[in-house]
Every structure is written in structure tokens, then in C-alpha cells.
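If you want the building blocks of each chain, they are given just below.
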Amino acid sequence: DLNDSNMGDNQSYGNDNDYHIKKMGITDYDFSEQEILSIVNSLPDGYKLVFNLFAIEQLKHKEIAKMLNISISTSKSQLSRARKVIQNSLYELAEAKNNHKAKMEEQRQKKTSLRLIG
């Protein structure tokens, strides 16, 4: 059953204010195909199914609704939720990459400082 009530609503994906703050700068990162596929594959089943039918198969919400025996509004809400999860996951991945980059830069600077002292 693909109704809204059982599509992963028990998971927390952050509040809207966090999302809008996080969204800034996400396009500055390159994500591999594997990273994106991993995020899409981790979506709750209903989100993933509607996302793939809409984004990959390029079906309209009316077609998705008929195919899955759900309402058009359920199809739209599942797509919206899927996009939000994907965007938040990409932000978290970008943040992790940024933290790793900063840590590597810090280590490089320490090595440079040691060479100047020694």
C-alpha cells in the first residue's frame, strides 16, 4: 500500500529552516554517480518508486497515480518528500566532504609549519 501514512513519515529529515540554510552552496560540490544512486536507493520504497517513475521514466503524476493505484496528490507528496530527503542527504555528504577537506588542509598547514620550524 503506497498511501502517505506508511511512507517513512517516522523518519526525521530536519525542519524546513535547516533545509533552506543547507541548500545554499550545495551546487559547489561534485557528487559521483555512485553517491547519488546510493542516496536514491536509501529512500523509503514509496518515495523511491515515485521518484524513479517521475524523474527517470518521466511519467506524469496522473500516470503514476493510475499505475500505482494512488491519488495524484499522494504521488506529488511522495515526490516532494523524496526530493527533500535527497537534498538533505546531498547536503550532509557535501558537509562531510567539506569537513574532510578542511581537516586535510589543517594537516598540510601543520606539516608546513613544522618544516619552517625544523
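Residues numbered from 1 in each chain as written. Predicted model: local features only at pLDDT ≥ 70, side-chain atom pairs only at ≥ 80, totals over all residues. Heavy atoms only, no water.

On to the overall build of the chain, then. A count of helical and extended segments in the chain gives five helices and zero strands. Helices and strands in the chain line up, N terminus first, as α-α-α-α-α. In the chain, buried positions account for 28% of the 118 residues. Counting contacts in the chain only where the partners sit at least 6 residues apart, residues at least 24 apart contribute 72% of the total. Accessible surface computed for the chain: about 8,500 Å², of which carbon and sulfur atoms make up 51%. (Helix = DSSP H or I, 4+ residues; strand = E, 2+ residues; numbered from the N terminus. Buried < 20%, exposed > 50% of the residue type's maximum accessible area, 1.4 Å probe, protein only. Contact = heavy atoms within 4.5 Å. Areas by Shrake-Rupley, 256 points an atom, 1.4 Å probe, with all protein chains shown as cover.)

So, on to the confidence of the model for the chain. Predicted confidence across the chain gives a mean pLDDT of 78, with 64% of residues reaching 70 or more. Per-element mean pLDDT across the chain ranges from 46 in helix H1 (residues 16-23) up to 98 in helix H4 (residues 61-68). (pLDDT = per-residue confidence, 0-100.)

Turning next to the pattern of salt bridges. Scanning the entire structure with this criterion turns up two salt bridges. We note a salt bridge from Asp-45 to Lys-48, for which the minimum N-O separation is 4.0 Å. Residue Asp-45 and its partner Lys-48 are located together in helix H3 (residues 45-56), separated by three residues, close to a single helical turn. (Salt bridge = Lys/Arg side-chain N within 4 Å of Asp/Glu carboxyl O.)

Next up on the list: the nonpolar core. Core analysis: the biggest nonpolar cluster contains 19 residues, and Leu-43, Val-50, Phe-51, Ile-64, Leu-68 and Ile-86 have the highest contact counts within it. Top contributing element to this core by residue count: helix H5 (residues 72-117), with six residues. (Core = buried A, V, L, I, M, F, W, Y, C linked by side-chain atoms within 4.5 Å.)

Looking now at the packing of H3 against H4. Close contact between H3 and H4 brings their axes to 10 Å; oriented N to C, the two are set at 135 degrees. Relative to H4, H3 is oriented oblique. For the crossing formed where H3 meets H4, the hand is right-handed. Where H3 abuts H4, its residues Leu-49, Val-50, Leu-53 and Phe-54 lie against His-61, Ile-64, Met-67 and Leu-68. Its residues placed into classes, the contact of H3 with H4 shows seven nonpolar, one polar and no charged. (Axes fitted to C-alpha atoms, helices over the stretch in contact; angles between N-to-C directions. Parallel < 35°, antiparallel > 145°, perpendicular 65-115°, else oblique. Left-handed = near helix turned anticlockwise from the far one by under 90°. Nonpolar A, V, L, I, M, F, W, Y, C, P; charged D, E, K, R; others polar.)

A separate point is the environment of Gln-87. Checked against the element boundaries, Gln-87 lands in helix H5. Residue classification places Gln-87 among the partly exposed residues on the basis of a relative accessible area of 30%.

What follows deals with the environment of Leu-79. On the secondary structure map, Leu-79 appears in helix H5. According to the relative accessible area criterion, Leu-79 is buried, its value standing at 3%. With 25 residues separating them along the chain, Leu-79 and Phe-54 place their C-alpha atoms 7.8 Å apart. Other than its neighbours up to four places away in sequence, Leu-79 contacts Val-50, Phe-51, Phe-54 and His-61.

Time to look at unusual backbone geometry. Even without glycine at this site, Gln-58 takes up a positive phi of about 60 degrees. On the secondary structure map, Gln-58 appears in the loop between H3 and H4. On the basis of relative accessibility, which here comes to 63%, the residue Gln-58 falls in the exposed class. One non-glycine residue with positive phi stands out, namely Asn-69, at about 60 degrees. For Asn-69, a relative accessible area of 71% translates into the label exposed.

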